[in-house]
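# Breakdown of the fold
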Amino acid sequence: CRLGQIQKSIETHFGGHDRRALLYRPSSFSETELRLHQHILTQHRYTVVIAEERLEAGLGPRLLEKGDLGSWDLLICLSSRKAGGKPCISKEDMCLLGLHQKVNILPEIQHQLCRKEGLCQIIRRFPELRLPVSPSVCLDQSIQSKPSTSSHLLKAVKPHMWKPWDWRREQLNQTTVLAPHDTIFRTEELSVILKAYVLVTSLSPLRAFIHSTGTVWNPPKKKRFTVKLQTFFETFLTASSPLQAFDNMKEAISKLLLAAEAFSETSTRGPKAFRGCRLCFQLLTFDIGYYSFRHPVVLQVHEHLHFHDDDNEDFEDQSTEEFLLQDTYNFLFSNESSLPMFSEIFQGLYQSGVFKVSGENYQKEPNQCLSLEEMHSIMTFIQELGNLQQFQLLFPSTTPGIQSLIREFYGIASPIDQPGSALTQSWSLLSVFEQFQLLNKKLSFVCHFCFVLFSCVLTDDTQCYIKQILTHPRLELNPEFNPKIKDYYSEVPFDVVTVTIGAETSKCQCKVYLHDRARPSFANYPLGLGMNKISMLVVDESPAQGETLITYKLTIYREDRPSLPLFEDFTACGFVQDCGLLIHPEESCGLQPISSDYIEAISRPELKICPSGDTTGQWIVPCLSCSDARTCDWRAVTWQPLDCRHAVLSRPELRRCLRGRKILFIGDSTNRGIMYYLIERLNDTLQEWQKVHGTRSYPNVNGGKTPVSYSYYPQFWMSPALRPTFETALEHLLQRSRPLENTAQTVLVVGGVQWLNANHLQIIHKVLKRENLLNILVIIKTLGIGFHLPVDGLHFLTQSEVQNLWKENVIILDAAKTYGYEVVDTFTITMGRYKEFLQGTCGCHFHEVVKSELPREYHFIKVKQSRNHIVGKYFSNQSKLQQRQQDSVTNFQSPYHVRGPINQVCSEILLSRICAGGRTA
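I will try to describe carefully the structure that is included in this document. Everything numeric in this text was worked out from a predicted model, so none of it was measured.

The number of helices and strands found in the chain is 22 helices and 29 strands. Per-residue burial for the chain yields a buried fraction of 54% across its 921 residues. As presented, the chain carries roughly 41,300 Å² of accessible surface, and 51% of it is formed by carbon and sulfur atoms.

Let's shift gears to the pattern of salt bridges. Should their charged atoms come close, side chains of opposite charge can pair. Counted under the stated rule, the structure contains 22 salt bridges. The residue Asp 633 makes a salt bridge to Arg 635 at a minimum N-O spacing of 2.8 Å. We note a salt bridge from Asp 684 to Arg 651, for which the minimum N-O separation is 3.4 Å. Of the two residues, Asp 684 is situated in the loop between helix H16 (669–683) and strand S23 (695–698) and Arg 651 in helix H15 (residues 651–658); the sequence distance between them amounts to 33 residues. A network of salt bridges, in which partner residues are shared, links Glu 727, Glu 731, Lys 766 and Arg 770.

In this section: the packing of H15 against H16. Two numbers describe how H15 lies on H16: the axes approach to 9 Å, and their chain directions differ by 110 degrees. Comparing the axis directions of H15 and H16 gives the class roughly perpendicular. Residue-level inspection shows Arg 651, Leu 654, Arg 655 and Leu 658 of H15 in contact with H16, the latter providing Leu 678, Arg 681, Leu 682 and Asn 683. By residue class, the composition of the contact of H15 with H16 is four nonpolar, one polar and three charged.

Before going further, it helps to spend a moment on the pairing of strand S15 (residues 523–526). Where burial is concerned, the two faces of S15 agree: the one with Ala 523 and Tyr 525 and the one with Asn 524 and Pro 526 are both buried. Where strand S13 (residues 498–505) and S15 come together, four bridges link them in antiparallel fashion. Of the residues in S15, the one forming a bridge with Thr 500 is Asn 524.

Spatially, four strands are ordered S19-S18-S20-S21 in an open sheet, and the strand pairing comes out antiparallel. Both outer strands of the open sheet, strand S19 (592–593) and strand S21 (638–641), are each paired with one neighbouring strand and no more. As paired strands, strand S18 (residues 571–575) and S19 are joined by two bridges and run antiparallel to one another. Directly across from Cys 573, in S19, lies its bridge partner Pro 593.

Right, let's talk about the environment of Val 539 for a bit. Locating Val 539 in the fold gives a position in strand S16 (residues 530–540). As for Val 539 and Leu 549, which are separated by 10 residues in sequence, their C-alpha atoms are 4.9 Å apart.

Moving on, we come to H16. For H16, built from 15 residues, the straight-helix expectation of 21 Å at 1.5 Å per residue is met to within 8% by its first-to-last C-alpha distance of 21 Å. Among the 15 residues of H16, 14 are classified as buried, and the element is accordingly described as predominantly covered. Two residues or fewer after H16 comes Asp 684, characterised by a positive phi angle close to 65 degrees.

Turning our attention to the state of the cysteines. Disulfides are covalent bonds that connect the sulfur atoms of two cysteines. Taken as a whole and assessed by the stated rule, the structure comprises eight disulfides. With its sulfur 1.9 Å from that of its partner, Cys 464 forms a disulfide with Cys 510. Of this pair, Cys 464 sits in the loop between helix H13 (422–454) and strand S11 (466–472) while Cys 510 sits in strand S14 (residues 510–514), and the two are 46 residues apart along the sequence. Of the two residues examined, Cys 464 and Cys 510, each falls in the buried class.

Next up on the list: the sheet that holds S13. If you walk across this open sheet you meet the three strands as S11-S13-S15, and the pairing is antiparallel. Edge strands, defined here as strands with exactly one partner in the open sheet, are S11 and S15. Averaged over all pairs of adjacent strands, the angle between strand axes in this sheet comes to 30 degrees, irrespective of strand direction.

Before going further, it helps to spend a moment on the pairing of strand S6 (residues 207–218). Among the 12 residues of S6, 11 are classified as buried, and the element is accordingly described as predominantly covered. In terms of strand pairing, strand S5 (residues 192–202) meets S6 through eight bridges, oriented antiparallel. In the strand pairing of S6, Val 198 is matched with Ile 210. The sheet contact formed by S6 and strand S10 (residues 391–395) spans four bridges and is antiparallel. By the bridge assignment, Ile 210 is partnered in S10 with Gln 392. Looking at chain direction, S6 and strand S7 (residues 223–228) are connected through six bridges and run antiparallel.

End to end, helix H19 (residues 799–818) covers 29 Å across 20 residues, agreeing with the expected 28 Å (1.5 Å per residue, within 8%). Here H19 has its buried residues at Gln 799, Ser 800, Glu 801, Val 802, Gln 803, Leu 805, Asn 809, Ile 812, Leu 813, Ala 815 and Ala 816.

Turning our attention to the packing of aromatic side chains. Inspection of the entire model under this criterion finds 17 aromatic pairs. With a centroid separation of 6.0 Å and 55 degrees between ring planes, the pair formed by Tyr 197 and Phe 307 is classed as tilted. Placement of the pair is Tyr 197 in strand S5 and Phe 307 in the loop between strand S9 (297–302) and helix H9 (315–332), with a sequence separation of 110 residues. Judged on exposure class, the residue Tyr 197 and its partner Phe 307 are both buried. Ring plane angle 75 degrees and centroid distance 6.5 Å describe the contact between Phe 233 and Tyr 290, whose orientation is recorded as edge-to-face. Of this pair, Phe 233 sits in helix H7 (residues 229–236) while Tyr 290 sits in strand S8 (residues 282–290), and the two are 57 residues apart along the sequence. According to the relative accessible area criterion, Phe 233 is buried, its value standing at 0%. By way of ring pairs, the aromatic residues Phe 232, Phe 233, Phe 246 and Tyr 290 are connected into one cluster. Lying across the ring of Phe 246, Lys 250 places its NZ or CZ 4.5 Å from the centre.

Once that is clear, we can look at the nonpolar core. Leu 41, Val 103, Leu 113, Met 249, Ile 253, Leu 257 and Phe 286 are the most contacted members of the largest nonpolar core, which has 108 residues in total. The contact partners of Leu 257, leaving out residues within four places of it in the chain, are Ile 109, Leu 113, Val 198, Val 200, Leu 203, Leu 206, Ala 208, Leu 284, Phe 286 and Leu 394. By size, the runner-up hydrophobic cluster in this structure holds 53 residues, among which are Leu 591, Trp 619, Cys 626 and Val 824.

On to the environment of Pro 219, then. Relative to the assigned elements, Pro 219 resides in the loop between S6 and S7. On the basis of relative accessible area, Pro 219 is assigned to the buried category, the value being 13%. On a C-alpha basis, the gap between Pro 219 and Val 192 in space is 6.3 Å, while along the polypeptide they are 27 residues apart.

This part covers unusual backbone geometry. Note the cis peptide between His 472 and Pro 473, where omega equals 0 degrees. If you trace the backbone, Pro 473 turns up in the loop between S11 and strand S12 (487–492). Cis rather than trans, the peptide bond between Tyr 713 and Pro 714 has omega equal to 0 degrees. Within the fold, Pro 714 resides in the loop between strand S24 (708–712) and helix H17 (726–737). If you check the backbone angles, Arg 45 has positive phi at about 65 degrees while not being a glycine. Within the secondary structure, Arg 45 sits in the loop between helix H2 (31–43) and strand S2 (47–52). Even without being a glycine, Phe 787 presents a positive backbone phi close to 60 degrees.

Glancing now at the environment of Asp 633. Mapped onto the fold, Asp 633 is located in the loop between strand S20 (617–623) and S21. Accessibility expressed as a relative area gives 1% for Asp 633, which makes it buried. Each C-alpha atom, one on Asp 633 and one on Cys 623, is 6.3 Å from the other, the two residues being 10 residues apart in sequence. Apart from the residues within four sequence positions on either side, Asp 633 is in contact with Ser 563, Leu 564, Pro 565, Leu 566, Val 621 and Pro 622.

Quick notes on the rules
Residue positions are given per chain, counting from 1 as you read along its sequence in written order. Per-residue local features of the predicted model are confined to residues with pLDDT of at least 70, and side-chain atom pairs are confined, for both listing and counting, to 80 or more; whole-chain, interface and lining totals are unaffected and use all residues. Neither water nor hydrogens contribute to the side-chain values; these are computed over all heavy atoms in the structure. Helix and strand labels come from DSSP, where a helix needs a run of H or I of at least four residues and a strand needs a run of E of at least two; each type is numbered from the N terminus. Each residue gets one of three labels from its accessible area relative to the maximum for its type: buried under 20%, exposed over 50%, partly exposed in between, using a 1.4 Å probe on protein chains only. Per-residue and other accessible areas were derived by the Shrake-Rupley procedure at a 1.4 Å probe size, with only the shown protein chains allowed to occlude residues. Here a salt bridge means any side-chain nitrogen of Lys or Arg lying within 4 Å of a carboxyl oxygen belonging to Asp or Glu. Every axis corresponds to a line fitted to the C-alpha atoms, with the helix fit spanning only the stretch in contact, and the corresponding angles, defined between N-to-C directions, vary from 0 to 180 degrees. In this scheme, roughly parallel covers angles under 35 degrees and roughly antiparallel covers those over 145, while 65 to 115 is roughly perpendicular and the rest are oblique. Note on contacts: a residue pair is in contact if any heavy atoms of the two residues lie within 4.5 Å. For this scheme, ten residues count as nonpolar: Ala, Val, Leu, Ile, Met, Phe, Trp, Tyr, Cys and Pro. Four count as charged, namely Asp, Glu, Lys and Arg, and the remainder, Gly too, count as polar. In this analysis, strands are considered paired if DSSP registers two or more bridges between them. Expected helix span is computed as 1.5 Å times (number of residues minus one). Disulfide: a pair of cysteine sulfur atoms within 2.5 Å of each other. Here a Phe, Tyr or Trp ring, Trp counted by its six-membered ring, pairs with any other such ring whose centre lies within 6.5 Å, and the pair is stacked when the planes are under 30 degrees apart, edge-to-face when over 60, and tilted otherwise. For a Lys NZ or an Arg CZ to count as sitting over a ring, it must be within 6 Å of the ring centre and within 35 degrees of the ring normal. Among buried residues, the Ala, Val, Leu, Ile, Met, Phe, Trp, Tyr and Cys ones that are joined through side-chain atoms within 4.5 Å form a nonpolar core.

Now the structure itself:
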């Protein structure tokens, strides 16, 4: 679809012919406020018509089309100050709206959130989700709380081990009685009430924005004032973490909005489904209460701007209302075109498969365009993102807490196995938002760099040097930058995984290249854990000087995960995926509590050995609280299969197992890292190391009793026409490694980070059959996380493409078992710790070969006994197993050492699969 045609079609379907606004005025609405709306809309080139409240009925669009009112584009329903006022427009009438018509009402939100009976109904419908609403909203309802057999639903429940959010959808059709709250708070007990102003521009899929200004009411002191929300959390609330407190409030609001959407989804299915007005919006006021500065509780949701319960507004209220309305209308009715940004975002997402690949994610079929409605929704969202002004995006959001909420609500109300589900639409908008952020970040840096570039000085000065180093995020250089100093050092926290770097030179004839002359002058770089070294080459290209070269060096140290040492009160927490990179949107992410019963079950000495290398498992780590990853001791994190254990061999056991065997590796650097770990584990030393990109033999492993050979594949640096095929590379490795026995004494390990697919397994079978080696032991190391960072010069995988990798990984696992091959599922092991990559541009290396005298990450932990004896015993046993493994790799006389705990886990599983037959551990 061509962009010009898209724009024309959207204007035809959604664009109004005239900018004509109707102001519906209730009889109780003040003249001052009416004129305020009229004035602001006139500024936006609307012709404003005022419609008075009819006595006989609410105003409907059919009535609006009659008489001298004519056609309209925008209907603003001004809110009545009187209780029980007539509705401006009925829900049924809204079904008759034209595609171009907008109304400042979302009926589902009005009913579900702005009415006590609706709010109480939502609380009853979703009891397990513990909606952050004051229990007092239900006290005067006929569905008042009372003790019942189901009252436990709001209490702390024992978490489900493997699907903590595996809600039963039939609960949507049940009437659940609200559990009694331990305490019903009274207004005088409130420390503070914050009024937050939220603009909802779409309910399904949900799009919501929060204004940066709020109103604070202090009941004890009976004071009220307007304040920036960030200032409120930093000063007035005096929260220990203002940013976290702000996020907590946003999560509380998002939770209610998601509940309203979820409730709407379940009530709008079937042939008579009401889909509502696609261009409608509503500005809401959320009353957020803080009891003794604890977590926020929603007290009430108003369907309009609200400042206090009195009818009389003072001058400050009028001033606040004016700038809030001005900001809202400026945000909604911007004339800025989103087409250029839409073009870049759409092309990126289309190429990555978000909108075109068919399958379980219900993305679009190849070569099909999105519907006009979908494209218009995306273009509107992009326009909103580009015109935020005083608003902040509330939803969709990349915040882990809010992403968890998505799974909770959509898992109940909108099954992901339905095309066009709310979950699918929500992830699409989230992909748009992430792409928008990426483009904006790069554009801002490029603009800064271009300004520096075009403001350079043309001079005959013979000296060529860097005037300043530009970075995003900003790095504190040590020492402070001076053109005469060539070496710099900086540190970044764990969560900073990339840095954009450029430089300003002393004159136009000077050019800067990063790393080498083939690299760009500014670029985005991945930051692995530990040391990262970046070179900036300055070249004087003036004809008079000829080419001279000056090198500046920047070393960036990226810190490990924030971690606390073990305390007596630690508990066990588990995770499979990180909330920052969701592979399974329908499942939980981040740390989840693990029951003592489960820990006790997997701690038994008779726990069976795992039957395969892809047994379902999770990472388990001791923490003070599963809600805060910073309270965990990440030195003690361990990979734990569901109901079994992978055998850990001592060095003598391993040497006996591998004596007389030949081990062949073919694959990329991730396979090479496992090979070097195996060699160091067997030999108690790693005497030689290099980044082999060809074929190499290691005859002196295990005292010469376990020869190892390796072949690098694929040789990506060669042109496709000259690059050896996988079949050729495998045949060459087999020939170099002969003689080979056609038994399990010959072990072939095949694997790569992302190039491997099921077709390669078919080739393996064909070659082995031809070479009469079908009885050898073949182990497939599956895919892994990588290429998920926006790095210059490399293909960048979007979240949907990473999710597709998991599907490909499942196909590889199934194909391997069909051929009778062993497997090591490295994708599942790496995906939850995707930020813990080490050096390398791909973000896929979880191993690093270092000189032995350098500090290593292995710290043998003497585990303190937890007050929970069962949990303490588990981590104590895991510490002993780690000690047993490291007995083989702690020879400080060894020139080199393979470090990386994730690579270690994968390698140990590989060794356990090689030695699985004929041994009990």
